[in-house]
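# Structure at a glance
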Amino acid sequence: MIMPDPSQDLDSILRRELMPGERLLWSGRPDPARLRAPFAIWFFAVPWTAFALFWEAMALLPWLGSTHTPLGIQWSFGIIFPLFGLPFIGIGLKMLSLPFKARSKAAQTIFGLTDRRIVRVTAGRKRESASVLFAQMGPIDVTADADGYGSLRIQTGTRTDSDGDKVIERFEVFAVPDVGRLEGLLLERKAEA
């Protein structure tokens, strides 16, 4: 049995997102192997999870054959402390899995530039799409490697968070090939709009 090419599926999903009369000028898929930032969470997640596992091991000691633990402590703290540690282990495991989930999501994502807007479509369990019209775009930041792969961040607005701080909202096109060409096409279309 031949499996369908996922890139063709993503291309067809992107084309279905286009409005009537809209032309696709550029499309690109991120390279999941180029996502480095999500692994930075491990600097926090590994010690967190290690300490949570150590806590759980120490909390379970009264149940692992220690005859010196009084029965009242074994039944009170011996139950409460292990239960208290379980959510922290869950949080640690969740943090450790985040980089893998980010790579999986990147493998199911496609970006497109049309004559009206820039679009991001992710086709996982649920199809997610987001787009920004040229009139909504602010300054653009581009980061590119020597081989042309890079990321493009478009400022789409600002808002005030609950603390009263100004937050800049951005639309990001990440880890795509030929990001310089995308920037040129985007600036050209933005000037025309």
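This structure is a prediction, so every number in the text was calculated from the model and none was measured.

## Things to note about the overall build of the chain
Looking only at helices and strands, the chain has four helices and seven strands in total. Along its sequence from the N terminus, the chain presents helices and strands in the succession α-β-α-α-β-β-β-β-β-β-α. A total accessible area of about 12,100 Å² is found for the chain, and carbon and sulfur atoms account for 61% of it.

## Regarding helix α2 (residues 42–60)
The end-to-end C-alpha separation of α2 is 26 Å, in line with the 27 Å expected for 19 residues at 1.5 Å each. Residues of α2 that are buried include every one of A45, T49, A52, E56 and A59, and no others. Here the buried residues of α2 occupy an arc of 90 degrees about the axis, which is enough to place them on one side. Facing away from the buried side of α2 by more than 90 degrees, the exposed set consists of F43 and F51.

## Some words on the pairing of strand β3 (residues 117–123)
With five of seven residues buried, β3 is to be regarded as a mostly interior element. Strand direction decides the pairing type here: strand β2 (residues 109–114) and β3, joined by five bridges, are antiparallel. Counterpart to F111 in the pairing with β3 is R120. Linkage of β2 to β3, two consecutive antiparallel strands, is achieved through a turn of two residues. Where β3 and strand β4 (residues 127–133) come together, seven bridges link them in antiparallel fashion.

## Section: the nonpolar core
L113, I118, L152, I154, V173 and L186 are the most contacted members of the largest nonpolar core, which has 21 residues in total. The leading source of residues in this core is strand β7 (residues 166–176), at five residues. Look past the residues within four positions of I118 in its chain and what remains in contact with it is G112, L113, A130, S131, V132, M137, I154, F171, V173 and L182. Grouped together as the second largest cluster of nonpolar side chains are six residues, L10, I13, V119 and V121 included.

## Quick word on the side chain of R189
Assignment of secondary structure puts R189 in helix α4 (residues 179–192). Judged by its relative accessible area of 18%, R189 falls in the buried class. When neighbours within four sequence positions are excluded, R189 is seen to be in contact with R23, L25, D115 and F134.

Analysis parameters
Residues numbered from 1 in each chain as written. Predicted model: local features only at pLDDT ≥ 70, side-chain atom pairs only at ≥ 80, totals over all residues. Heavy atoms only, no water. Helix = DSSP H or I, 4+ residues; strand = E, 2+ residues; numbered from the N terminus. Areas by Shrake-Rupley, 256 points an atom, 1.4 Å probe, with all protein chains shown as cover. Expected span 1.5 Å × (residues − 1). Buried < 20%, exposed > 50% of the residue type's maximum accessible area, 1.4 Å probe, protein only. Arc of directions from axis to C-beta. Pairing = 2+ DSSP bridges. Core = buried A, V, L, I, M, F, W, Y, C linked by side-chain atoms within 4.5 Å. Contact = heavy atoms within 4.5 Å.

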